[in-house]
Amino acid sequence: PLPDGTYGVSAGKAKYLSEIVIPAIYHGKAVTVILDDGFKNSVNLTKITIPEGITSIGDRAFSNCNNLISVVIPKSVISIGAAAFSGCSKLTDVVIPDGVTSISDYAFSGCSSLISVTIPDGVTSIGSHTFENCSSLISVMIPKSVISIGDSVFFGCSKLTDIVIPDGVTSIGDRAFA
């Protein structure tokens, strides 16, 4: 239970399942948060279903879920925590919903199979190391709303051949494209 009367979720004893469906309601109350470290190191997890109503994906929530192939982030999500999907080496594509305004540090670092990512209008900053070592990433379109690109954002993205940086970007961090 969370202080606001809703629930947060973590894998608990389900940590070794291959597919998990997070409920939208638990004990008659909304599930709104995937807790920090909630599904971290769930090595068998290949698919997670996140319901509408989840507003926050916590820090390291799916970190090192190295068999996770598919995830759909619902439109209700406004916050993706630091290292939320880091080390998900089989994740191939991600669509970040429109409500998200910033992508935290290391959010998708080490997602070595990630080929494409859709960053919506409304995102104003991309944190440091966000796509670091996403060695299969080919193309990224950064929306006009972005004003800040952090350090080492695309560090180690050796297949990145096309990127459009909008006019409104006022800062690009160190080693952003190393």
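To be clear, the structure that these remarks concern was listed above.
Attention in this report is confined to the structure presented alongside it. (Residues numbered from 1 in each chain as written. Predicted model: local features only at pLDDT ≥ 70, side-chain atom pairs only at ≥ 80, totals over all residues. Heavy atoms only, no water.)

Turning our eyes to something else, we now look at the sheet that holds strand β9 (residues 93-95). Strand order in the open sheet formed by four strands is β9-β11-β13-β15, with parallel pairing between adjacent strands. The two strands at the open ends of the sheet, each matched to only one other strand, are β9 and β15 (162-164). Strand-to-strand twist of the sheet, defined as the mean angle between neighbouring strand axes without regard to direction, takes the value 5 degrees. The pairing of β9 with strand β11 (residues 116-118) spans three bridges and is parallel. Note on β11: the bridge partner recorded for aspartate 93 is serine 116. (Pairing = 2+ DSSP bridges. Helix = DSSP H or I, 4+ residues; strand = E, 2+ residues; numbered from the N terminus. Axes fitted to C-alpha atoms, helices over the stretch in contact; angles between N-to-C directions.)

Our next topic: the nonpolar core. Phe62, Phe85 and Phe131 are the most contacted members of the largest nonpolar core, which has 49 residues in total. Every element with two or more residues in this core is listed here: β1 (7-9) and β4 (29-34). In contact with phenylalanine 62, other than residues within four places in its own chain, are Ile34, Phe39, Leu45, Ile48, Ile50, Ile57, Leu68, Ala84, Phe85, Ser86 and Cys88. (Core = buried A, V, L, I, M, F, W, Y, C linked by side-chain atoms within 4.5 Å. Buried < 20%, exposed > 50% of the residue type's maximum accessible area, 1.4 Å probe, protein only. Contact = heavy atoms within 4.5 Å.)

Take the environment of lysine 75 next. Mapped onto the elements of the fold, lysine 75 is located in the loop between β7 (70-72) and β8 (79-80). For lysine 75, a relative accessible area of 67% translates into the label exposed. Not counting residues up to four positions away in its chain, the partners in contact with lysine 75 are Glu52 and Pro97.

Take the pairing of β4 next. Across three bridges, the pairing between β1 and β4 is parallel. Residue valine 9 lies in a different strand from β4, and its bridge partner there is isoleucine 34. The turn joining strand β3 (residues 25-26) and β4, which pair antiparallel and follow one another in sequence, is formed by two residues; a positive phi near 50 degrees is taken by histidine 27. As paired elements, β4 and strand β6 (residues 56-57) share two bridges and run parallel to each other. Of the residues in β6, the one forming a bridge with isoleucine 34 is isoleucine 57.

A few words now on the pattern of salt bridges. Under the criterion given, the structure shown has one salt bridge. A salt bridge links arginine 60 to aspartate 37, with the nearest nitrogen and oxygen atoms 2.7 Å apart. One end of the pair, arginine 60, is in the loop between β6 and β7; the other, aspartate 37, is in the loop between β4 and β5 (47-49), and 23 residues separate them in sequence. (Salt bridge = Lys/Arg side-chain N within 4 Å of Asp/Glu carboxyl O.)

Read from one edge to the other, the open sheet built from three strands follows the order β2-β5-β7, with strand pairing classed as parallel. Each having just a single partner strand, β2 (19-21) and β7 make up the two edges of the open sheet. The sheet shows a mean angle of 10 degrees between the axes of neighbouring strands, taken without regard to direction. One ladder, built from three bridges, connects β2 with β5; its direction is parallel. Bridging from a neighbouring strand, valine 21 pairs with threonine 49 of β5.

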